[in-house]
Amino acid sequence: MAMLLCVAFDSWSQFRRGRERDNQPTQESTLNYANPTEYTIAGIEVRGIEILDKNAMISISGLKVGDKIKIPGDAISGAIRKIWKYGLVGDVTIQVDRIEGSNVYLVIELAERSRLNAFYFVGIGKTQESGLKDELNLIRGKIVNDAMVRNTELAVKKYFVKKGFLNTQVKIVQELDTLNDGIKLRIEVDPKSKVKINKINFEGNENISDAALKKRMKKTKEYPRFVLHRTILKTLFQPKKYLGAPYEVSWGNVKEFINDNVKLNIFASSKFIRSEYDEDKQKLINYYNSKGYRDAEIIQDTVYKFNDRSINVDFKIHEGPKYYFRNILWTGNYVYTNQQLSAVLGISKGDVYNNELIQRKVTFNPKGLDINGLYMDDGYLFFRVNPVEVAVAGDSIDVEMRIFEGEQATIDEVTISGNNRTSDHVIRRELMTIPGEKFRRSDIIRTQQSLSQLGYFAPEKVNPQLQPNQAEGTVDIDWQVEEQSNDQVELSGGWGGYYGFVGTLGLTFNNFSLRNIPNIKNWKPLPVGDGQRLQLRVQANGRQYQSYSFSFTEPWLGGRKPHSLTVSLNSSVQRSLYGFGYTIPDPTSDTPTLKVNSVTVGLGRRLEWPDNYFTLTNSISALKYTLNNWYSGGLGFRDGDANSITFNTTLSRRSVNEIMYPSQGSEVSLSLTLTPPHSLWRDIDYATATNAEKFSWIEFHKWMFDAKYYLPLDNKKKLVVEAKAHFGFIGSYTDKAGIGPFERFFLGGDGLAGGFNSFLLGQEIIGLRGYENNKVTPPLYDRYGTTGIGDNVQGGIVYDKLGLELRYPVTTGSAATIYGFVFTEAGNNWNNYEDFNPFKLYKSAGFGARIFMPAFGLIGLNWGYGFDKLPYATDRSGSHFHFTIGQQIR
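Residues numbered from 1 in each chain as written. Predicted model: local features only at pLDDT ≥ 70, side-chain atom pairs only at ≥ 80, totals over all residues. Heavy atoms only, no water.

J.: Looking at this model, I keep getting lost on the overall build of the protein. Mind explaining?
T.: In terms of helices and strands, the protein carries 16 helices and 34 strands. Across the protein, every contact between residues at least 6 apart in sequence was considered, and the portion connecting residues at least 24 apart equals 61%. Within the structure as shown, the protein displays about 46500 Å² of accessible surface, and the carbon and sulfur contribution to it stands at 53%. (Helix = DSSP H or I, 4+ residues; strand = E, 2+ residues; numbered from the N terminus. Contact = heavy atoms within 4.5 Å. Areas by Shrake-Rupley, 256 points an atom, 1.4 Å probe, with all protein chains shown as cover.)

See the structure below:
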């Protein structure tokens, strides 16, 4: 205040002395500084500014025309103080322009501060610049003042402290921008080295070890050290005693040397970040509480410098006594008895006191039933329970569970929002939250899971918003979703020299709408919204191979119940344009040809028992194989037709939480495929009949079992283990007919149907990474790559495969899902039951990544190493790269 008054009076005296120097008559001479005079402000003029608004500056000063003020007086100094307060100008003076009787005319002289034109960084990289710009509140045209400079400096330091650079130095230099009449800020940053944690020390922890406490601090960690077995160190550093060498080193010196010098920095993440440090301190207390130490506290924690690049952290802990549960009392419960509630709570007298356990068993228990779920699954949405400690006697605690049950809630309105492509009825038929029915939490969870599995919506954005009305005893539910495209396009092409054009065009529409085809104006860009699945695929390899397939699925036939209808048509033809000795055959001879045509109709339905995760699917297929001079394929004959009519029934259960990156749940299926027992009524002698005659009508029964289980290893469900097992075998109805060449198992490689003749559409292709495609296939195994197959029947009739895969996601957004993995798997394939041994498996391990993009489907890149030698092979399988497209089932 004193300084501002001095500025005001100094400005006034400068004005008066200037007038006197000019020897111009002025009414200022009438002012009496010893006896201030009251004047009325008749006018106010603002000078010296171009950008700032003059009227706004007069308003900020608090002076108005018509006000009565004393000159000299507090009004002038107060006006100067108010203008300075906003920090918009660099200098302020208020002068008297003239006095006319009792009226005074004032002039406010201002000097505008410079404004920010640009800023740039020195001393850091582009990546750090990009992240730092988002943290700074620097806007072009903003006035540059001391506060801005200081706040910018603090923001830069704060940004680098978050990254672990505690010693960051920042210097901001103001540069005059003569071209644009403003200021440029040069922000000089020296992050120094990241500050790591050298040592974490604990004092007062008598009952819990240092190692156990350090383990609970997830982000605040020491950088690791080499830990060598004591005997090894003794051997190395006391060679005289152990090796007869002429010198020895004491164990105390060795230990000190190891502690001080042998450290590893390259694999550690031990930077010190204050916010994470505070979180870890709370985790220490929570851990103590979970062990019964209810009164535990951190009395003191100290962070101090160890050297220029590291710090030490010391904790002084008061553990307090260990407490146990004594009596658990229930009040306010009428629906369930004390015994029922105690059984769900699962805490007995004498158990170690753990308040976190109580909260988990009361609110949400991921490993089983909880009190909240018990009530809410019976409609008690307004239920509340409050655990209260009512008595502490020595080391024992009584807990009273105070319950408010309330009334059962009924679902009133159910709305859907965010679905701009998918029709409401497609979503509503998946909902288990039905208006008029009793509210159940389990229905909310199950519906959320069902909508996530459709594939039409981003799983993490399926969000039920509950709007309870306790007065009416009802609840409204708004299901919020975010659409994502899961249609897929498979497109490849090229020129195959002798074969000509080689290419594939595949289209999969997973949310198709047959009824919207006539409504072209509603296409987005195709008719979508009814949840139907349409697949079209054309594949060509010049004249050598062409394949056409069509499939259509209606998941809710009739629209009332989850009964699905699937119709698929396939037609393929393959010609052997080269002779099997790799010479061009006589063009006048018949071209070896294999044609396959099939039609399949399937009906499926969702079951309610044993639970609503089960589905049952039945289908009937008719296939016809036509061979003309066909030398290859392991079918056992070269000319003729083979007809197949099959019935398939599949019982499956799927409870995964999402499709593309499941982190919990399981998938299990049992499939049986049957053909009619043609041999019971066919009038042929199977002992003397040719293979063409035997297999003109195909008969077999085929059993398949597949299981996958997903186990999350962390709370965020990112690190996930997939365990899987697959089994299959084929049998015949009678010994006289035997098992034919069709539907057999081909094992090895990427699991994609391919090869010279795709082993032609009648085989079960199963991947086994680390081995070449289809090489784990009897009877010839590795030989068939170099030896003509001729009339030998290829393929196994029984196989098994086991595997483990550890996954971690890079991203799981709606635009793409990318995750890496390491795997180990083993499998084998037999062509007779006598040799079957489920423990004699070909083993492999490796790593890879999978990328899912809605437009292209799932793409996998794998490297696997096969540890075993196949029959007839001279070396173990070794290293192999595999490329996969689509979701591999086995």
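J.: Whenever I open this one, the pairing of strand E24 (residues 640–654) confuses me. Can you help?
T.: For a regular strand, side-chain orientation follows a simple rule: the groups alternate between the two sheet faces. In this sheet, E24 lies alongside strand E23 (residues 614–628) in antiparallel orientation, the contact comprising 14 bridges. When the bridges of E24 are listed, Phe 614 appears paired with Arg 653. Where E24 lies against strand E25 (residues 665–674), eight bridges are found, and the strand directions are antiparallel. Within E25, the residue paired with Thr 649 across the bridge is Leu 672. (Pairing = 2+ DSSP bridges.)

J.: Help me out: how do you make sense of the sheet that holds strand E3 (residues 89–100) in this one?
T.: Within a sheet, adjacent strands bond to each other through the backbone by hydrogen bonds, running parallel or antiparallel. Reading across the sheet, the four strands line up as E2-E1-E4-E3 and stay open at both edges, with mixed pairing between neighbours. The outermost strands of the open sheet, each flanked by one partner alone, are strand E2 (68–71) and E3. Strand after strand, the sheet turns through a mean of 45 degrees between neighbouring axes, direction not considered. Relative to strand E4 (residues 103–112), strand E1 (residues 37–47) is paired through seven bridges, and the arrangement is parallel. Bridge pairing in E4 places Thr 40 opposite Asn 103. The strands touched by helix H2 (residues 54–61) within the sheet are E1, E3 and E4, with E1 carrying the most contacts at an inclination of about 150 degrees. (Axes fitted to C-alpha atoms, helices over the stretch in contact; angles between N-to-C directions.)

J.: Any chance you could explain the sheet that holds strand E6 (residues 169–177) here in plain terms?
T.: Strand order in the open sheet formed by three strands is E5-E7-E6, and the pairing between neighbours is mixed. Looking along the sheet, the strands with just one partner apiece sit at the ends: strand E5 (116–122) and E6. When strand polarity is set aside, the average angle formed by the axes of neighbouring strands in this sheet is 20 degrees. The pairing of E5 with strand E7 (residues 182–190) spans six bridges and is parallel. Among the inter-strand pairings, Ala 118 is bridged to a residue of E7, identified as Lys 184. The sheet strands contacting helix H5 (residues 146–162) are E6 and E7, and the helix crosses E6 at an angle near 140 degrees.

J.: Which parts of the structure should I look at to understand the nonpolar core?
T.: General note: in soluble globular proteins, nonpolar side chains tend to be found buried as a group. Counting residues in hydrophobic clusters, the biggest one holds 30 residues, and the most contacted among them are Tyr 625, Leu 627, Leu 635, Phe 637, Phe 742 and Val 776. Of all the secondary structure elements, the ones that give two or more residues to this core are strand E22 (593–606), E23, strand E28 (745–747), strand E30 (798–812) and strand E31 (817–830). For this core, the element with the most residues is E23, which contributes three residues. Counting residues in hydrophobic clusters, the runner-up holds 25 residues, among them Ile 71, Ile 76, Val 104 and Ile 108. (Core = buried A, V, L, I, M, F, W, Y, C linked by side-chain atoms within 4.5 Å. Buried < 20%, exposed > 50% of the residue type's maximum accessible area, 1.4 Å probe, protein only.)

J.: Is there a simple way to explain the side chain of Ser 513 in this structure?
T.: By the secondary structure assignment, Ser 513 is in the loop between strand E18 (501–512) and strand E19 (532–541). Overall, Ser 513 belongs to the buried group, its relative accessible area being 0%. Within the structure, the side chain of Ser 513 is placed 2.9 Å from the side chain of Asn 516, a separation counted as a polar contact. In this structure Ser 513 touches Pro 527, Val 528, Gly 529, Asp 530 and Gln 532, once residues within four positions along its chain are discounted. (Polar contact = N/O pair within 3.5 Å; in protein donor to acceptor, adjacent residues only side chain to side chain.)

J.: I keep staring at the environment of Leu 719 and nothing clicks. Help me out?
T.: Following the sequence through the fold, Leu 719 ends up in the loop between strand E26 (701–712) and strand E27 (720–731). Of the residues examined, Leu 719 reaches a relative accessible area of 28% and is grouped as partly exposed. Sequence separation between Leu 719 and Arg 807 is 88 residues; the distance between their C-alpha atoms is 5.8 Å. With near-sequence residues (within four places) excluded, Leu 719 lies in contact with Leu 711, Pro 712, Leu 713, Asp 714, Leu 806, Arg 807 and Tyr 808.

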